[in-house]
Amino acid sequence: EAGVVQSPRYKIIEKKQPVAFWCNPISGHNTLYWYLQNLGQGPELLIRYENEEAVDDSQLPKDRFSAERLKGVDSTLKIQPAELGDSAVYLCASSLDSGGIDNEQFFGPGTRLTVL
Amino acid sequence: LAKTTQPISMDSYEGQEVNITCSHNNIATNDYITWYQQFPSQGPRFIIQGYKTKVTNEVASLFIPADRKSSTLSLPRVSLSDTAVYYCLVGNSGYALNFGKGTSLLVTP
């Protein structure tokens, strides 16, 4: 079974340019997450979707970040315009929609963004 | 979410047992304890989860004392490939995981 797919794996852009990341979760997983991971730190949640609804976007910097999951399957995270401080790894994860112990999150390999 | 405290780094030799302890003094009654592993250039990977006493799977064991204010991840006979960052998370939902900085484990020959 395919895991969480992310593209691109690497992206280098100049500041003030827009950038988009794409994620395809594991088939059947209703919950999708976007995380940001800075060097030497653990992942930090940006947004969580249950199907197509964003149920937790409290940590998403809405002035420049946006996300969508239109059909409740794949998702896109966008930054416009990018700033130097946005350089990080952007991770996507998915899980079965369960509130119990079966809430293991499966992570993709991430997209490493470098803003010059 | 309960705050967790774990060592920043640990070193071990191949073949040794490694125990990583995580403190979570304000764990809630309905919180679970979950450990993830992350290799360089990869996303975190679920290792083990427990609520109380002991849980064992093919990768690790998780020991949780009766007061649940701490937990210990035990990796038996580590190999070089166990070099990774290990995160301890506490919560009652898998949705908003607080990863913290984790413990960087280095295994050497």
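All names here are of chain A. An order of 1-3-8-7 is seen for the four strands of this open sheet, with the pairing classed as antiparallel. With partners counted over all chains shown, the strands left at the sheet margins are strand 1 (5–7) and strand 7 (65–68), one partner each. Recorded for the sheet is a direction-independent mean angle of 15° between the axes of neighbouring strands. Alignment of strand 7 against strand 8 (residues 75–79), held across four bridges, turns out to be antiparallel. Residue pairing in the sheet places glutamate 68 in a bridge with threonine 76 of strand 8.

The next thing to look at is the interface of chain A and chain B. Residue-level contacts link 23 residues of chain A with 19 residues of chain B. Summed over both partners, the interface of chain A with chain B comes to about 1600 Å²; 48% of that surface belongs to carbon and sulfur atoms. For the pair chain A and chain B, the interface holds zero salt bridges. Linking chain A to chain B there are four residue pairs in polar contact (both at pLDDT 80 or more). Elements represented by at least two residues in the side of chain A that touches chain B include exactly strand 4 (31–37) and strand 5 (44–50) of chain A. Counting residues per element, the side of chain A that touches chain B draws most heavily on strand 4 of chain A, at four residues.

A few words on the side chain of serine 71 of chain B. Residue and element names in this part refer to chain B. Turning to its location among the elements, serine 71 is positioned in strand 7 (residues 70–75). The exposure class assigned to serine 71 is buried, which follows from its relative accessible area of 0%. In this structure the side chain of serine 71 is engaged in a polar contact, spanning 3.0 Å, whose partner is the side chain of histidine 24. Excluding residues that lie within four positions of it along the chain, serine 71 makes contacts with Ile20, Thr21, Cys22, His24, Ile33, Trp35, Leu62, Phe63, Ile64 and Cys88.

Turning to the packing of aromatic side chains, a few remarks are in order. Taken as a whole and judged by the stated rule, the model has eleven aromatic pairs over all chains. A centroid spacing of 5.8 Å and a plane angle of 90° characterise the contact between tyrosine 35 of chain A and phenylalanine 99 of chain B, whose relative ring orientation is edge-to-face. Pair noted here: tyrosine 35 of chain A is in strand 4 and phenylalanine 99 of chain B is in the loop between strand 8 (84–91) and strand 9 (103–108), and the two residues belong to different chains. Overall, tyrosine 35 of chain A belongs to the buried group, its relative accessible area being 0%. Relative to phenylalanine 46 of chain B, the ring of tyrosine 36 of chain B has its centre 5.8 Å away and its plane inclined at 90°; by these criteria the two rings are edge-to-face. Linking tyrosine 36 of chain B in strand 3 (residues 32–38) with phenylalanine 46 of chain B in strand 4 (residues 45–50), this pair joins segments that are ten residues apart in sequence. Every member of this aromatic cluster is reached through a ring pair, and the members are Tyr33, Tyr35 and Phe107 of chain A together with Tyr36, Phe46, Tyr87 and Phe99 of chain B.

Scoring rules and cut-offs
- Residues numbered from 1 in each chain as written.
- Chains lettered and ligands numbered in written order.
- Predicted model: local features only at pLDDT ≥ 70, side-chain atom pairs only at ≥ 80, totals over all residues.
- Heavy atoms only, no water.
- Pairing = 2+ DSSP bridges.
- Helix = DSSP H or I, 4+ residues; strand = E, 2+ residues; numbered from the N terminus.
- Axes fitted to C-alpha atoms, helices over the stretch in contact; angles between N-to-C directions.
- Contact = heavy atoms within 4.5 Å.
- Buried area = accessible area lost by both parts, 1.4 Å probe.
- Salt bridge = Lys/Arg side-chain N within 4 Å of Asp/Glu carboxyl O.
- Polar contact = N/O pair within 3.5 Å; in protein donor to acceptor, adjacent residues only side chain to side chain.
- Buried < 20%, exposed > 50% of the residue type's maximum accessible area, 1.4 Å probe, protein only.
- Phe/Tyr/Trp six-rings, centres within 6.5 Å; stacked < 30°, edge-to-face > 60°.

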